[in-house]
Amino acid sequence: MQLRYSFRLYPNGPQRSALARAFGCSRVVYNDALRARETARVEGAPFPKTGDLSKLLITDAKKTDERGWLGEVSAVVLQQSLRDLDTAYRNFFDGLKGKRPRMGAPRFKSRKDNRQAVRFTANARWKITTGGDLSLPKIGDVRVTWSRVLPSVPSTVTVVKDAAGRYFASFVVETDPDQALPGTDAQVGIDLGLSHFAILSDGTKIDAPRFLRRAEKKLKKEQRRLSRKTKGSNNRTKARIKVARAHTRVADVRREFHHQLSTRTIRENQAVAVEDLAVKGLARTRLAKSVHDAGWSAFVGMLEYKAARYGRTFVRIGRFEPTSQVCSQCGVKDGPKPLHIRVWECGACGAFLDRDINAAVNVAKAAGLAVSACRAQVRPGLVPAQRGEAGTHRDGHTTVVGIPAL
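Thresholds, definitions, all that
- Residues numbered from 1 in each chain as written.
- Predicted model: local features only at pLDDT ≥ 70, side-chain atom pairs only at ≥ 80, totals over all residues.
- Heavy atoms only, no water.
- Disulfide = S-S within 2.5 Å.
- Helix = DSSP H or I, 4+ residues; strand = E, 2+ residues; numbered from the N terminus.
- Contact = heavy atoms within 4.5 Å.
- Core = buried A, V, L, I, M, F, W, Y, C linked by side-chain atoms within 4.5 Å.
- Buried < 20%, exposed > 50% of the residue type's maximum accessible area, 1.4 Å probe, protein only.
- Pairing = 2+ DSSP bridges.
- Axes fitted to C-alpha atoms, helices over the stretch in contact; angles between N-to-C directions.
- Parallel < 35°, antiparallel > 145°, perpendicular 65-115°, else oblique.
- Left-handed = near helix turned anticlockwise from the far one by under 90°.
- Nonpolar A, V, L, I, M, F, W, Y, C, P; charged D, E, K, R; others polar.
- Phe/Tyr/Trp six-rings, centres within 6.5 Å; stacked < 30°, edge-to-face > 60°.
- Lys NZ or Arg CZ within 6 Å of the ring centre and 35° of its normal.

Draft legend 1. Region of interest: the state of the cysteines. For the structure on display, the rule yields 0 disulfides. Cys 327 takes part in no disulfide bond, and the closest cysteine sulfur to it belongs to Cys 330, at a distance of 3.7 Å.

Draft legend 2. Highlighting the side chain of Asp 293. Here Asp 293 shows up in helix H8 (residues 288-294). Not counting the four nearest positions on each side in its chain, Asp 293 is found in contact with Arg 210, Phe 211, Leu 212, Arg 213 and Arg 254.

Draft legend 3. Fine view of the nonpolar core. Counting 41 residues, the largest nonpolar core has Leu 9, Phe 120, Trp 126, Leu 134, Leu 136, Val 157 and Phe 171 as its most contacted members. With residues near it in sequence (within four places) discarded, Leu 9 still touches Leu 134, Val 142, Arg 143, Val 144, Val 159, Tyr 167, Phe 168 and Ala 169. Grouped together as the second largest cluster of nonpolar side chains are 28 residues, Ile 190, Ile 206, Leu 261 and Val 300 included.

Draft legend 4. Broad picture of the sheet that holds strand S4 (residues 134-136). Reading across from one edge, S2-S6-S7-S1-S5-S4-S3 is the order of the 7 strands in this open sheet, with antiparallel pairing throughout. The sheet terminates laterally at strand S2 (116-120) and strand S3 (127-128), the two strands that pair on one side only. Where strand S6 (residues 156-161) lies against strand S7 (residues 167-174), 6 bridges are found, and the strand directions are antiparallel. Bridge assignment links Val 157 to a residue of S7, and that residue is Phe 171.

Draft legend 5. Just the packing of helix H1 (residues 13-43) against helix H2 (residues 50-59), in detail. The interhelical angle for the contact between H1 and H2, taken along N-to-C directions, is 125°, at an axis separation of 11 Å. In terms of orientation, H1 and H2 fall into the oblique class. The chirality of how H1 crosses H2 is right-handed. Residue-level contacts link Val 29, Asp 32, Ala 33, Ala 36 and Arg 37 of H1 to Thr 50, Leu 53, Leu 57 and Ile 58 of H2. A per-class count over the contact of H1 with H2 returns 6 nonpolar, 1 polar and 2 charged.

Draft legend 6. Spotlight on the pairing of strand S5 (residues 140-145). Here strand S1 (residues 2-10) pairs with S5 via 3 bridges, running antiparallel. Within S5, the position partnered with Leu 9 by the bridge is Val 144. Sheet topology note: the S4/S5 ladder contains 3 bridges and is antiparallel. Bridge assignment links Leu 134 to a residue of S5, and that residue is Val 142. Count of turn residues in the S4/S5 antiparallel hairpin: 3 residues, of which Lys 138 carries a positive phi of about 60°.

Draft legend 7. The arrangement of the packing of H2 against helix H3 (residues 75-97) in detail. Relative orientation of the contacting elements H2 and H3 amounts to 140°, with a least axis distance of 11 Å. Regarding the angle of H2 to H3, the classification is oblique. Between H2 and H3 lies a crossing whose hand is right-handed. The segment H2 lies against H3, with Thr 50, Leu 53, Ser 54 and Ile 58 engaging Leu 78, Gln 79, Leu 82 and Asp 86. Its residues assigned to classes, the contact of H2 with H3 comprises 4 nonpolar, 3 polar and 1 charged.

Draft legend 8. View of the packing of aromatic side chains. In this structure the tally under the stated criterion is 10 aromatic pairs. Seen from their ring centres, Phe 7 and Trp 146 are 4.9 Å apart, and the 55° between their planes marks the pair as tilted. Here Phe 7 is found in strand S1, whereas its partner Trp 146 is found in the loop between S5 and S6, with 139 residues between them in sequence. Relative to Tyr 89, the ring of Phe 47 lies with its centre 5.4 Å away and its plane at 85°, an arrangement referred to as edge-to-face. On the criterion of sequence distance, the pair formed by Phe 47 in the loop between H1 and H2 and Tyr 89 in helix H3 is long-range, its members being 42 residues apart. Linked through ring pairs, Phe 7, Trp 126, Trp 146 and Phe 171 together constitute an aromatic cluster. Stacked on the ring of Phe 168, the Lys or Arg Arg 8 has its end atom at 5.8 Å from the ring centre.

This is the structure:
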């Protein structure tokens, strides 16, 4: 399986200028190729192939005065830009055919985009020096902060500049999924929510950190400062970077929370089941900000790839499974309930059920996991005793307790 490792880069002044040239040249080649294909589509001409575009927009363009500066960057970066366009078209057409979720048609890139990236393959002859720097062609040896050791030799490296002006090196590493963890008998179902981020079928409730809500005051302050700056001024650029850094801090702590929780869940359980939530639909409601702040999709994606890597079982059940309407004790469907009802009584067996824990148990059962609610907040209701049992037994005779007259 393929894994991606990201490390922070610290380029100096000349290296930042060289990276800016690489970003710009890659973007120009991408836009030229997209324009050529869109022109062919409008005119009804055959779809230009990547090889023809490479010769026309890279090899021949370098010999002209208009595009002669393309020779200042590595040719591999420009070739990868054309491959990125091929991938964008492939994803678009696969979405139309129903092979994957629908995506929009490829769009032109802008130098004002929040994210700029270039990719170097093995053909570019990049390397990691003995001193721990990342040597990139026509850029130089860039200082890297290594937080871990790469498990194998990476095949590609992508240099990314985010909206906050930070640089990262993203390595793609091929690994075998043979790092299986020791087996365990624990199995868990997870119900994702907003008041609690995750509710486990064993009764554990994990509070929602609400990182965006907690940072909202500072974000509003920086956004107000940005809105008062003159467009096109240097002060506006500085204010925009401050807003981007504030948002970056929120995204970083949310990602760290997802990683820690997903790793702990995978280590402690042999099988994990979650519900396939309609995040796009929920994002169009009044709960949109809270839904995006929770980041359910990112968390579920981490669970899925970590389960595959460490030899665990991951199951995703359908979104139309009535997990909140079925009693986890007797299996009787009791019908939909308003969101303000957090505890309800089953009309069939009389059990008092916590709404979220009951849903988590049903998620696990729908996935075929053998779970129990031994530690869940579920208790049987009071069932009236039979007439023959409501008394004491003495010498084999039943004595019914009398009810005093009022």
